[in-house]
Amino acid sequence: MTDIERIDQLREELHFHNYRYYVLNAPVISDQEFDRLMRELQDLEARYPEHYDENSPSVRVGSDLNKEFRQVEHNYPMLSLGNTYSQEEVTEFYNRVSKSLGEDFEICCEMKFDGTSISLTYENGKLVRAVTRGDGVRGDDVTENVKTIRSIPLVLHGNGYPSSFEIRGEILMPWTVFEELNKERERKEEPLFANPRNAASGTLKSQNSAVVASRKLDAYLYYLLGENLPHDGHFENLQEASRWGFKVSDIMRKVKTLQEVFDFINYWDKERKNLPVATDGIVLKVNSQRQQRNLGYTAKSPRWAIAYKFQAEKALTRLLKVTYQVGRTGAITPVANLEPVQLSGTIVKRASLHNADIIASMDLHIGDNVYVEKGGEIIPKITGVDVASRPTGSPRVVFITECPECGSPLVRYEDEAAHYCTNDVACPPQIKGKIEHFISRRAMNIEGLGPETVDLFYQDGLIHDVADLYSLRMDDICRLERMGKKSAENILKGIERSLSIPYERVLFALGIRFVGETVAKKVARAFPDIDKLKKATLDELIHVDEIGEKIAASILRYFANPKNEELVERLRNAGVQLKLSATSLGKQTDRLAGLSILISGVFAHHSRDEYKALIELHGGKNVGSISKKTSFILAGENMGPSKLEKATKLDIPLVNEEEFLQRIGESIPAAD
Ligand code: IVH
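Residues numbered from 1 in each chain as written. Predicted model: local features only at pLDDT ≥ 70, side-chain atom pairs only at ≥ 80, totals over all residues. Heavy atoms only, no water.

## Considering the packing of helix α12 (residues 428–439) against helix α13 (residues 451–459)
Thought 1: As a packed pair, α12 and α13 sit with axes 10 Å apart at the nearest point and diverge in direction by 135°. Accordingly, the angle class assigned to the pair α12 and α13 is oblique. Where α12 crosses over α13, the handedness of that crossing is right-handed. Contacts between α12 and α13 involve Pro-428, Ile-431, Lys-432, Ile-435, Glu-436 and Ile-439 from the first element and Pro-451, Val-454, Asp-455, Tyr-458 and Gln-459 from the second.
Thought 2: Among the residues making up the contact of α12 with α13, the classes are represented as seven nonpolar, one polar and three charged. (Axes fitted to C-alpha atoms, helices over the stretch in contact; angles between N-to-C directions. Helix = DSSP H or I, 4+ residues; strand = E, 2+ residues; numbered from the N terminus. Parallel < 35°, antiparallel > 145°, perpendicular 65-115°, else oblique. Left-handed = near helix turned anticlockwise from the far one by under 90°. Contact = heavy atoms within 4.5 Å. Nonpolar A, V, L, I, M, F, W, Y, C, P; charged D, E, K, R; others polar.)

Here you go:
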């Protein structure tokens, strides 16, 4: 078999395995085997760029290219559905349809998925375009991002599909992925997504399709449009679509009577809690397209369909008091303490009040009867106050001005909604939070130590900051209650081992605001020694890829504090790694210092990510789009025509792979 034949074979096999895994949920090979096939395909594709296929399964892996979305007009406008909230309105809809049609009809009952809608166009069995709803008439072309969603087929199966058609559906982030993502964002101190819908639409609009690929989005398709659909029935067409490889929900029933509609609604109102994705109602559609055409449309929505929205679960309870939590960064979160109330199967005693503005906007008073809701969000929230039942003379909630833990005055930074306690060296929850972060697995990974032990050591006065960990002694620990010799030994061993944790992770472990793992890596490469970083200016910092003013200012603020400077010195004396190790330093040069380089096309010797790393290792900066300031383009095969045109226009030199490798003094890997 020639390499080209093997490429075709691998593409076909991987399309098939994608379908088995992501649509049918029934894989026939292991994940490792899948990865192996994918890598084989990627390697072959890199060697034969002329055999590029824009719908190859390898595009699922995403690319790092930055793009702005192109706006395109929908072939058929994307309308929304009329909403109803009561069973009476459902009855009215049913009677209206019945009267207008004057004949028997069937209703297709489906879940209303709570994500972000998408319209996909297929031509000759291939995905050619994916467009968001936008304003209904025009939307954003997000094809490249959508291609990374594994349950959306790039190439269709079987036959019988029209040569050109559109299929619409909902892009969703499953609950488990959403919870994982928010945990990760919390760790990185990035703002949390309020619900899976926001997370899905935020992800879909990401400028970086590799990010989209990593976020594990899913999609259900629920509406086919086109000239030559196989059947008159909407339900039947969707069953057909599922045979072409689309993920169509199993939860679809064709019914005739109003009673059957209510049975469906009542059943799924409860059962939906067990579904892997968020839903917010039921959609009812007249099944026959002929009848749909007869019923027609109003200006905004079809007359042949309606959405019944589930009630967000809501309860009325009393606000007992407002307490304030202090986070590791000093951010103050006001918390409503409530008279316990049953909501969505759990007892709610507390709800977040977010910030001072929200409290003020509700004019909250202690003793108020408040509405608590738990909709798509995981944390219950207060959505309103029953002012009429407010007890007379009840005090208004006034936001605190001093830290509830250490008494320091609170500050509010410009453009931020939160208040902060700035006493980061002596405020107990901040100190404990910082130590917990420092010892965590992805930071210094000190095994044997956990939040309870940190609390114990802190209460006992053994540790006040992270550097104190390195002066802990056996007998200090052993004399504490609940601390045996064995655990003490483990803790000390864990601390000792942390001395070999590389500099970039130490930087992350310090807990400098906005310096998450990725930023820490970039900073460590650009400033391979903490003394260099300490001296860095704002200008030098923002010159580093992905470091903006906010991060740069936070780094400057950290080192401007003499207490932090002292802490770093104590860590240095303890033997903590504060510079890049000799091995990685050895390879580092400044051959590309000051140069802004754009990567484009397909490469033979290294992956795109490896080239990115090489550029940074040699002091250059990766950029995502061409401008006058671009120093050169590292150009592989198949560079996009619009990039080429722009480069020529701005007179930006192209450097090929071999020239680039010579320039940084790397040998060209031998061809195999
Ligand atoms: S059908 C013309 N079916 O709800 C009707 N929509 O307000 C086309 N949605 O924008 C839509 N689940 O994003 C349809 N099973 C379902 C749906 C569904 C969720 C969303 C969709 C649409 C909105 C309607």
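## Let's talk about the pairing of strand β11 (residues 305–309)
Thought 1: Burial analysis of β11 places five of its five residues in the buried class, the great majority of the element.
Thought 2: Taking every second residue as pointing to the same face, both faces of β11 are buried, with Ala-305, Ala-307 and Lys-309 on one and Ile-306 and Tyr-308 on the other.
Thought 3: With two bridges joining them, strand β2 (residues 83–84) and β11 adopt parallel strand pairing. Across the sheet, residue Asn-83 finds its bridge partner in β11, namely Ala-307. (Buried < 20%, exposed > 50% of the residue type's maximum accessible area, 1.4 Å probe, protein only. Pairing = 2+ DSSP bridges.)

## Some thoughts on the environment of Thr-648
Thought 1: If you trace the backbone, Thr-648 turns up in helix α24 (residues 641–650).
Thought 2: Residues Thr-648 and Ala-336 lie 312 residues apart in sequence; the distance between their C-alpha atoms is 60 Å.

## Let's talk about the nonpolar core
Thought 1: Formed by 58 residues in total, the largest nonpolar core has its most connected members in Phe-438, Phe-457, Leu-469 and Tyr-470.
Thought 2: Counting only elements with at least two residues in this core, the list comes to α12, α13, α15 (485–497), α16 (503–509), α17 (517–526), α18 (530–535), α20 (549–560) and α21 (562–574).
Thought 3: For Phe-457, the contacting residues outside a window of four places in its chain are Leu-449, Leu-462, Ile-463, Leu-472, Ile-477, Leu-480, Met-483 and Ile-491.
Thought 4: Ranked by size, the runner-up nonpolar core spans 37 residues in total, among them Ile-149, Val-177, Val-212 and Val-248. (Core = buried A, V, L, I, M, F, W, Y, C linked by side-chain atoms within 4.5 Å.)

## Here we look at the pairing of strand β15 (residues 369–374)
Consecutive side chains of a regular strand alternate in pointing toward one face of the sheet and then the other.
Thought 1: Of all six residues that make up β15, five are buried, and the element is covered over most of its length.
Thought 2: One ladder, built from six bridges, connects strand β12 (residues 313–326) with β15; its direction is antiparallel. Among the inter-strand pairings, Thr-317 is bridged to a residue of β15, identified as Val-370.
Thought 3: Here β15 pairs with strand β16 (residues 381–385) via four bridges, running antiparallel. Bridge pairing links Tyr-371 to Gly-384 in β16.

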